[in-house]
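So the chains spell out like this:
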Amino acid sequence: MRMSIKRLLRAHGFTALLFDSAHALLDHGDCGEAACIIIDINLDDASGIELRRRLAEHGVAAPVIYITGNDSHLNRTAAIESGCIAYLTKPFAAKALIDPIHRAWSTAN
């Protein structure tokens, strides 16, 4: 899924960094130039929503797009309350991902 998203973003003129885990993203530390961050709700090593909270605690203000293959009212509510700009359920159309990224990028620039 990560590689597919990276190819899609590249095809639309965006550069993407991929991370294998929540820890890898947190260890990277430099999210200052990110137009947005795409996080899966269910990560192997953490909750995507908890990852968003931890990023915010570290001062990362980049908008977040959540993706999930396990949609539920609880997940959707928690995602929206965390301040996401989009919540997408797998499978999703490319446009559903690209449109909020364009909006985030336009706002950042």
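The structure this text deals with has already been given above.
What you see is a predicted model; the values in this text were computed from it and never measured.

Q: I keep staring at unusual backbone geometry and nothing clicks. Help me out?
A: Leaving glycine out, the prevailing phi sign among residues is negative, and the prevailing peptide bond configuration is trans. Across the junction of Lys90 and Pro91, the peptide omega takes the value -10 degrees, indicating a cis bond. Mapped onto the elements of the fold, Pro91 is located in the loop between β3 (86-89) and α5 (94-108).

Q: Explain the environment of His28 here, please?
A: Mapped onto the secondary structure, His28 falls in helix α2 (residues 22-28). Between the alpha carbons of His28 and Asn42 there is a distance of 20 Å; along the sequence they are 14 residues apart. Leave out the neighbours within four places in its chain, and His28 touches Leu17 and Phe19.

Q: How do you make sense of the nonpolar core when you look at a structure like this?
A: A general feature of soluble globular proteins is that nonpolar side chains tend to end up buried together. Formed by 18 residues in total, the largest nonpolar core has its most connected members in Ile37, Ile39, Leu51, Leu55, Tyr66 and Ala79. Discounting residues that sit within four places of it in the chain, Ile39 has contacts with Gly48, Leu51, Arg52, Leu55, Val64, Ile65, Tyr66 and Ile67. Core analysis: the next-biggest nonpolar cluster, separate from the first, contains 14 residues, Ile5, Ala16, Ile65 and Ile101 among them.

Q: So what exactly am I meant to see when it comes to α5 here?
A: For an α-helix the count is 3.6 residues per turn, leaving residues at separations of three or four pointing the same way. With 15 residues, α5 extends 21 Å between its outermost C-alpha atoms, agreeing within 8% with the 21 Å of an ideal straight helix rising 1.5 Å per residue. Within α5, the full set of buried residues consists of Leu97, Ile98, Pro100, Ile101 and Ala104. Check the buried side of α5 and you find it contacts α1 (2-11), β1 (37-40), β2 (64-68) and β3.

Q: Please explain the sheet that holds β2 as it appears in this structure.
A: Backbone hydrogen bonds hold the strands of a sheet together, and the pairing may be parallel or antiparallel. Taken together, the three strands give an open sheet; going across it, the order is β1-β2-β3, and neighbouring strands pair in parallel fashion. Taken across any chain shown, the strands that pair with only one partner, and hence form the sheet edges, are β1 and β3. The average undirected angle you get between the axes of adjacent strands in this sheet is 20 degrees. Across four bridges, the pairing between β1 and β2 is parallel. Counterpart to Ile39 in the pairing with β2 is Tyr66. Against the sheet, helix α4 (residues 73-81) engages β2 and β3, with an angle of about 155 degrees to β3.

Q: It is not clear to me how the state of the cysteines should be interpreted in this structure. Could you clarify?
A: Formally, a disulfide is one covalent bond, and it connects the sulfur atom of one cysteine to the sulfur atom of another. Throughout the structure, instances matching the rule amount to zero disulfides. Its sulfur unpaired, Cys84 is 12 Å from the next cysteine sulfur, which belongs to Cys36.

Q: Teacher, can you tell me more about α4 here?
A: When we look at burial in α4, the residues that qualify are Asn75, Ala78 and Ala79. Considered in projection along α4, the buried side chains sweep an arc of 100 degrees and stay on one side of the axis. More than 90 degrees from the buried face of α4, the exposed residues found are His73, Ile80 and Glu81. In this structure, the buried residues of α4 make contact with α3 (48-57), β2 and β3. Gly83 occupies a position one or two residues after α4 and carries a positive phi of about 95 degrees.

So, how was this worked out
- Residues numbered from 1 in each chain as written.
- Predicted model: local features only at pLDDT ≥ 70, side-chain atom pairs only at ≥ 80, totals over all residues.
- Heavy atoms only, no water.
- Helix = DSSP H or I, 4+ residues; strand = E, 2+ residues; numbered from the N terminus.
- Contact = heavy atoms within 4.5 Å.
- Core = buried A, V, L, I, M, F, W, Y, C linked by side-chain atoms within 4.5 Å.
- Buried < 20%, exposed > 50% of the residue type's maximum accessible area, 1.4 Å probe, protein only.
- Expected span 1.5 Å × (residues − 1).
- Pairing = 2+ DSSP bridges.
- Axes fitted to C-alpha atoms, helices over the stretch in contact; angles between N-to-C directions.
- Disulfide = S-S within 2.5 Å.
- Arc of directions from axis to C-beta.

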